[in-house]
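Coordinates in review
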Amino acid sequence: MSSGFIAIGIVIAYAGFSGLWVENSGTWYESLNRPGWQPPNFVFGLIWPYNFMMLAVVGWNISTTPVGGLWLAAFAISVLAATLWSYLFYKERMLKSAAVALVTAATATLPMTYATAAFSPAATAFFVPYQLWIMVAASLAVGYAYLNSERKTR
């Protein structure tokens with residue numbers, strides 16, 4: 001199997017599993033104290049389609065380069081951690097553990113950025129918004145855990 005198809009498969013899994021447990025309209029989620037820097041809900045709907053398309057294009061193109069293996073491995077780790085965040089946050093309501101998972105996902109984007117920069121400055125320009133978004137999301141996860149520490153946060 002071509003490594004480009006592996007990249008696309010990871011993006012498809014990411015898109016499918018990341019929203020599997022998300023419940024933004026439930027009473028539990030609505031009752032949470034939110035960090036003051038949380039963007040309006042419509043921003044989430046705008047950024048994720050861009051992120052998934054960009055990850056597919058960059059992943060396809062970088063996967064066959066000398067840094068492609070590093071990029072794919074870091075991407076897989078980031079996706080696993082981000083998917084775990086979704087499960088821990090919404091399904092298990094384990095806010096502290098969810099924050100650790102999303103910080104791990106954000107950290108895994110660092111070698112992705114390195115590999116992308118080694119591949120192409122243009123690809124890096126398309127990739128950096130995703131990295132920044134994941135870092136904002138990680139900071140939000142930490143904020144939720146801190147602001148709601150009296151809640152179920154195993």
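Here's what I pulled together on the structure shown here. Everything numeric in this text was worked out from a predicted model, so none of it was measured. Note on numbering: residues in each chain are counted from 1, in written sequence order. A pLDDT threshold of at least 70 governs which residues receive local features in this predicted model, and a stricter bar of 80 or more applies before side-chain atom pairs are shown or counted, although totals over entire chains, interfaces and linings include all residues. Only heavy atoms go into the side-chain values, all of them from the structure, while hydrogens and water stay out.

Paired rings are identified among Phe, Tyr and Trp, the last through its six-membered ring, by centres lying within 6.5 Å, and are further divided according to the angle between planes into stacked (under 30 degrees), edge-to-face (over 60) and tilted (the rest). Scanning the model with the defined rule gives 19 aromatic pairs in all. Ring centres of Trp85 and Tyr90 lie 5.7 Å apart, and the angle between their planes is 80°; on these two criteria the pair is classed as edge-to-face. Buried, partly exposed and exposed residues are distinguished by accessible area as a fraction of the type maximum, computed with a 1.4 Å probe on protein chains only: under 20%, between the cut-offs, and over 50%, respectively. Judged by relative accessible area, which is 18%, Trp85 ranks as buried. Clustering of aromatic rings is evident, with ring pairs tying together Tyr14, Trp48, Phe52, Trp71, Phe75, Phe127 and Tyr130.

This part takes up the side chain of Gln131. In this text, helices come from DSSP runs of H or I with a minimum length of four residues, and strands from runs of E with a minimum of two, each type numbered from the N-terminal end. Take Gln131: it is sitting in helix H6 (residues 121-147). By relative accessible area, Gln131 is classed as buried at 8%. Here, two residues are considered to be in contact whenever any of their heavy atoms come within 4.5 Å of each other. If sequence neighbours within four positions are ignored, Gln131 has contacts with Thr109, Leu110 and Thr113.

Backbone phi values are negative for most residues with the exception of glycine, while trans is the configuration of most peptide bonds. Located in the positive-phi region is Arg93, a residue other than glycine, with phi close to 60°. When you line up the elements, Arg93 lands in the loop between helix H4 (68-91) and helix H5 (95-119).

Turning to the environment of Thr109, a few remarks are in order. With respect to the helices, strands and loops of the structure, Thr109 is situated in helix H5. If we skip the residues at most four places from it in the chain, Thr109 touches Ser78, Phe127, Tyr130, Gln131, Ile134 and Met135. A distance of 2.5 Å separates the side chain of Thr109 from the backbone oxygen of Ala106, its partner in a polar contact. Polar contact is the term for a pair of N or O atoms within 3.5 Å; when the atoms are in protein, one must be able to donate a hydrogen and the other to accept it, and sequence-neighboring residues count only if both atoms are side-chain atoms.

When you line up the elements, Ala98 lands in helix H5. Placed ten residues apart in sequence, Ala98 and Leu88 show a C-alpha to C-alpha distance of 5.1 Å. Once you skip the residues sitting within four places of it in the chain, Ala98 turns out to touch Trp85, Leu88 and Phe89.

Take Ser86: it is sitting in helix H4. Excluding residues that lie within four positions of it along the chain, Ser86 makes contacts with Phe17, Ser18, Trp21, Val22 and Lys91.

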